[in-house]
Amino acid sequence: MPDEMEEIISEFITEAEESLDRIEPLFVELEQKGHDADMLNDIFRSMHTIKGAAGFLGFQSIVDVAHSSENIMKKLRDGEITLSKRLMDVILKAIDMLRLLLEHLREKDGIEEDVAPLTQELENVLKESLSGSPDGGVTVETREKEKDETSRPQDDNAVSNGEPAPSHGDETQRHGEEDNAEKPGEPAQVHKDTSHKAKEAAQNLRVDVERIDKVMDLAGEMVLIRNRLLNISHYFDLNYSSDTQTETLMEAVSFLDRVTSDMQLAVMKIRMQPIQKVFSKFPRLVRDISASVNKKVEIEIYGEGTEVDKSVIEHIGDPMTHILRNSIDHGIESPEERIAKGKPEKGKIVVNTYQKGNQIVIEITDDGKGIDIEKLKEKAVEKGMLTEEEASKMSDEAAVNIIFMPGFSTKETATELSGRGVGMDVVNNNISLLNGYVEVSTQKDKGSTFRICIPLTLAIIQALMVEVAGIKYAIPLSPIEETLKISKDEVDNITGQDVIVIRNKVCPLFELNGILGTGSNGGHDRDHKYVVVISLGEKKFCLAVDKLLGQEEVVIKTLEGIDTASSYVLGASITGDGKIVFILDVTAMSRSLVEAT
Amino acid sequence: MSTATAGEEILQLVSFTLKDEEYAVDILNVQEINRITEITQVPNSPDYVEGVINLRGKVMPVINLRKKFGIEEKETDDTSRIIIMDIQGVTNGLIVDSVSEVLRIPADIVEPPPQISSGLNSRFIKGIAKLDNRLIILIDINKLLGDGVEV
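Let me sum up the structure you'll find in this document. (Residues numbered from 1 in each chain as written. Chains lettered and ligands numbered in written order. Predicted model: local features only at pLDDT ≥ 70, side-chain atom pairs only at ≥ 80, totals over all residues. Heavy atoms only, no water.)

1. Quick look at the overall build of chain B
Thought 1: On a plain count of helices and strands, chain B comes out with two helices and 11 strands.
Thought 2: Reading chain B from its N end, one meets helices and strands in the order β-β-β-β-β-α-β-β-β-β-β-β-α.
Thought 3: Out of the 151 residues in chain B, the part that is buried amounts to 42%.
Thought 4: Residue pairs in contact within chain B that sit at least 24 positions apart in sequence constitute 57% of those at least 6 positions apart. (Helix = DSSP H or I, 4+ residues; strand = E, 2+ residues; numbered from the N terminus. Buried < 20%, exposed > 50% of the residue type's maximum accessible area, 1.4 Å probe, protein only. Contact = heavy atoms within 4.5 Å.)

2. What about the overall build of chain A?
Thought 1: A tally of regular secondary structure across chain A gives 21 helices and 18 strands.
Thought 2: Residue burial in chain A is summarised as follows: out of 597 residues, 46% are buried.
Thought 3: At a minimum sequence separation of 6, the contacts of chain A that also span at least 24 residues come to 68%.
Thought 4: Of the roughly 30,300 Å² of accessible surface on chain A, a fraction of 51% belongs to carbon and sulfur atoms. (Areas by Shrake-Rupley, 256 points an atom, 1.4 Å probe, with all protein chains shown as cover.)

3. Quick word on the interface of chain B and chain A
Thought 1: Contacts between the two partners involve 16 residues from chain B and, on the opposite side, 22 residues from chain A.
Thought 2: When chain B packs against chain A, the two sides together hide about 1,600 Å² of surface, and 63% of this comes from carbon and sulfur.
Thought 3: Contact with chain A buries area across many residues of chain B, yet Pro43, Asn44 and Val59 of chain B alone supply 38% of it, more than any other trio.
Thought 4: Remark: the boundary between chain B and chain A carries zero salt bridges. (Buried area = accessible area lost by both parts, 1.4 Å probe. Salt bridge = Lys/Arg side-chain N within 4 Å of Asp/Glu carboxyl O.)

4. Focus: the packing of aromatic side chains
Any pair of aromatic rings gets described here by the distance separating the centres and the angle formed by the planes.
Thought 1: Inspection of the entire model under this criterion finds nine aromatic pairs over all chains.
Thought 2: Between Phe236 of chain A and Tyr240 of chain A, the ring centres sit 5.6 Å apart and the planes meet at 40 degrees, which makes this aromatic pair tilted.
Thought 3: When its relative accessible area of 31% is taken as the criterion, Phe236 of chain A is described as partly exposed.
Thought 4: Owing to a relative accessible area of 41%, Tyr240 of chain A belongs among the partly exposed residues under this scheme.
Thought 5: With a centroid separation of 5.9 Å and 15 degrees between ring planes, the pair formed by Phe16 of chain B and Tyr23 of chain B is classed as stacked.
Thought 6: Clustering of aromatic rings is evident, with ring pairs tying together Phe16, Tyr23, Phe69 and Phe124 of chain B.
Thought 7: In this structure, Lys68 of chain B packs its charged tip against the face of Tyr48 of chain B, placed 4.0 Å from the ring centre. (Phe/Tyr/Trp six-rings, centres within 6.5 Å; stacked < 30°, edge-to-face > 60°. Lys NZ or Arg CZ within 6 Å of the ring centre and 35° of its normal.)

5. What to know about the pairing of strand 15 (residues 539-545) of chain A
Residues and elements named next belong to chain A.
Thought 1: Strand 15 sits mainly inside the fold: five of its seven residues count as buried.
Thought 2: Here strand 13 (residues 505-511) runs beside strand 15; their pairing, made up of three bridges, is parallel. Each residue of the ladder has a partner; that of Leu509, found in strand 15, is Cys542.
Thought 3: In the sheet, strand 14 (residues 528-536) pairs with strand 15 via seven bridges, with the strands oriented antiparallel. Among the inter-strand pairings, Tyr530 is bridged to a residue of strand 15, identified as Val545. (Pairing = 2+ DSSP bridges.)

6. Side note on the sheet that holds strand 4 (residues 347-356) of chain A
Residues and elements named next belong to chain A.
Thought 1: Read from one edge of the open sheet, five strands run 2-4-5-7-6, paired in mixed fashion. Of all strands in the sheet, those with a lone pairing partner are strand 2 (297-302) and strand 6 (437-443), marking the two edges. This sheet shows a mean twist of 15 degrees between the axes of neighbouring strands, independent of strand direction.
Thought 2: Pairing between strand 2 and strand 4: six bridges, direction parallel. Across the sheet, residue Val297 finds its bridge partner in strand 4, namely Gly347. (Axes fitted to C-alpha atoms, helices over the stretch in contact; angles between N-to-C directions.)

7. Digging into a negative patch on the surface
Residues and elements named next belong to chain A.
Thought 1: The grouping of Asp372, Glu374, Glu378, Glu382, Asp396 and Glu397 at the surface amounts to a negative patch.
Thought 2: Listed by contribution, the elements that provide at least two residues to the negative patch are helix 15 (373-382) and helix 17 (396-400).
Thought 3: If you tally residues by element for the negative patch, the top one is helix 15, at three residues. (Patch = residues over 30% accessible without salt bridge, like charges linked within 9 Å, V, L, I, M, F, W, Y side chains within 5 Å. Lys, Arg positive; Asp, Glu negative; His and termini not counted. Charge placed at Lys NZ, Arg CZ, Asp CG, Glu CD.)

8. Some words on the environment of Ile460 of chain A
Residue and element names in this part refer to chain A.
Thought 1: Within the secondary structure layout, Ile460 lies in strand 8 (residues 460-468).
Thought 2: With relative accessibility at 9%, the residue Ile460 sits in the buried group.
Thought 3: The sequence separation of Ile460 and Val554 amounts to 94 residues, and the corresponding C-alpha distance is 5.6 Å.
Thought 4: Beyond its immediate stretch of four places on either side in the chain, Ile460 contacts Gly220, Val223, Gln264, Glu553, Val554 and Val555.

9. Observations regarding the pattern of salt bridges
It is possible for side chains bearing opposite charge to pair when their charged atoms get close.
Residues and elements named next belong to chain A.
Thought 1: Evaluation of the coordinates by the stated rule reveals 35 salt bridges over all chains.
Thought 2: Notably, a salt bridge pairs Glu70 with Lys51, separated by 3.1 Å at the nearest N-O pair. Taken together, the residues span a long stretch of sequence, with Glu70 in helix 3 (residues 60-77) and Lys51 in helix 2 (residues 37-57) at a distance of 19 residues.
Thought 3: One network of salt bridges, with partners in common, ties together Asp21, Glu24, Asp89, Asp96, Arg99, Arg284, Arg287 and Asp288.

10. Quick notes on the sheet that holds strand 16 (residues 547-555) of chain A
Residue and element names in this part refer to chain A.
Thought 1: In space, the five strands of this open sheet follow the order 16-8-9-18-17, with mixed pairing throughout. This sheet does not close on itself; its edge strands, each paired only once, are strand 16 and strand 17 (569-574). Neighbour to neighbour, the strand axes of the sheet diverge by 35 degrees on average, direction disregarded.
Thought 2: Where helix 9 (residues 209-239) meets the sheet, it contacts strand 8, strand 16 and strand 17, and its direction lies at approximately 145 degrees from that of strand 16.

11. Quick word on the environment of Thr260 of chain A
Residue and element names in this part refer to chain A.
Thought 1: Structurally, the position occupied by Thr260 is in helix 10 (residues 244-270).
Thought 2: The buried category is assigned to Thr260, whose relative accessible area is 1%.
Thought 3: Put simply, Thr260 and Ala219 are 41 residues apart on the chain and 7.7 Å apart in space, counted from C-alpha to C-alpha.
Thought 4: In this view, Thr260 contacts Met222, Val223 and Arg226; residues no more than four positions away in its chain are not counted.

12. Observations concerning a nonpolar patch on the surface
Thought 1: On the surface, Ile225, Leu229, Ile232, Tyr235, Phe236, Tyr240 and Leu249 of chain A cluster together into a nonpolar patch covering about 610 Å² of accessible area.
Thought 2: The residue Phe236 of chain A is located in helix 9 in this model.

13. Quick notes on helix 10 of chain A
All names here are of chain A.
Thought 1: Compared with the 39 Å implied by 1.5 Å per residue over 27 residues, the 40 Å span of helix 10 between its first and last C-alpha is a close match.
Thought 2: All of the buried residues along helix 10 are Thr246, Val253, Thr260, Gln264, Val267 and Met268.
Thought 3: Buried residues belonging to helix 10 abut helix 9, strand 1 (272-274), strand 8 and strand 16.
Thought 4: By the N-cap criterion, in which a side-chain oxygen at the helix start approaches the backbone nitrogen of a residue two or three places on, helix 10 is capped by Asp243, the distance to Gln245 being 2.9 Å. (Expected span 1.5 Å × (residues − 1). Polar contact = N/O pair within 3.5 Å; in protein donor to acceptor, adjacent residues only side chain to side chain.)

Here's what the structure looks like:
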């Protein structure tokens, strides 16, 4: 096959997959909302495009499936049939088939799928729906009708009862009469206001990720060299300040400094993509999972336009899927249980994403039964993960984190969805890989919130350089709230724990030297100490250091062969002069230090 | 140096010394041998982890073999070397007193470690090669890090 043809085909596959990714959540939304002409039209057009392109390229099975689906979409759009659960199931099946066919094309494995049964099913369902849906279809609420009225009201009665006869319940009747009065309008015009959306596609360039990564690497190296030059120019400034060339050097270096920062940001932005890419799969996922455990759950997604690094997109899907499964399986109660508790029958999961400083925060909140802390502790003791004494002393906030311990699962019976023993610890690990952390808060019968915080980018971080016992360390800047200089007598001791009072709030203080167990204990007796205040979610603690050296951009290098968990180190960086500086993992510190107190 | 004849399996080893003993590792695991460079201490690490070094932009841990084997400590000097090795996919440095030579020995002169040496370190030993009047201890490099935790 000639190269151009390959290229056209691969472009077709990418575009078709993107279309499917985009319309799949629309179906689920449609199922919840009932009728929405814009959405239906959007789906119809996407299907039509796939069909057209596949036809041109001669992929007959794709054409067949797309054609049958398109037929249904057309009838739906024109209000000739109504959306039923059965109809939806078959359409989703068709989408899965299209994906499978595209996958075969991509792999060039030459496998042919037999699409005849599926197209037959699609035809059958369409026929059934046309002759009046046996399962009643989706009833549309009055509210929605009124909204639609302004655009194309004649669709409504068709949607509400599956046939155009205006002879049903009072409500429909009323609308039906109004509709009839306006009937002359052609139903086909319904979609005219949405047609411009298709042309929205901006000027985009598809670039191989490898090329971008290469630029990213180079940018990282440049940051290192820039730091080195800054050091050297600083030296010249100190020692040869009378020389006019020194000034020129300083100027050039500071310009380079600015340009490097800008470039780094620009390269970083190339890799940024809206997190929607991951989220678009969730409505379908929630629909399928909740159906398989006989629960009713709806999902609301906010902030899907938030942009994150490509690597985050790649790694955040699995842990989030796991949390969602967990929420549906363990969190949300069965409809009966919910009604008995006076909650709405349908459970709700809200996914909210926003940027907070240098971090991306993803919150997954369910309105289920919450996590039973006592049961968690019991189970942990039973499994020998905790002793009775540890469990009874453990605060609720600390105890929630038991779910992240390896091999822990509380549900009595393991279901096929969650509770295979590989559970939330996997979530925790995956998030840690992204240099992020997970927090859980829970309230009995109100629900639980999982809060995932991850840095915007993974390769380069802003850090505060500190020194203890003569060794330099970098502390990531994002969790640092402030730095203070305190005198020795400002430190109090409460039951063996050093604390300081910051604006009337007591905050535990740890000697960084003591935590890291390196070097001599020199800083202890000084009159003054420098304190870095770390704030991670609800937790706050202080680290005492000997010196604050200033802020620097550091390139993270991963450490292999070192147990990073116990050493409180998340990576290392090489400074301008070739020395290694460890980047401290304050999240790990907070986990083991603050909970212990 | 070896007296191997054709058809026999030949082991290629890098030999080095710790205190008075001679040890050897498989040459295939050895990436390079360096002089001691600046070593940065790792917080809360086992004492045999001397720290990390910067090898041309790559950060890798360095293990002090004397400490790992429970041999009395000694300051590093001019003859001390860091052997950079690939241990189960991870690059590590091993600090040794000195590196002697590359040996080619027939596999059949290697004897299993004697049962009596039930000491802590015998599990790192793959075998002992008798060579003229020398005894060379072959180290099982994969066991060196694999279960180092309980030491």
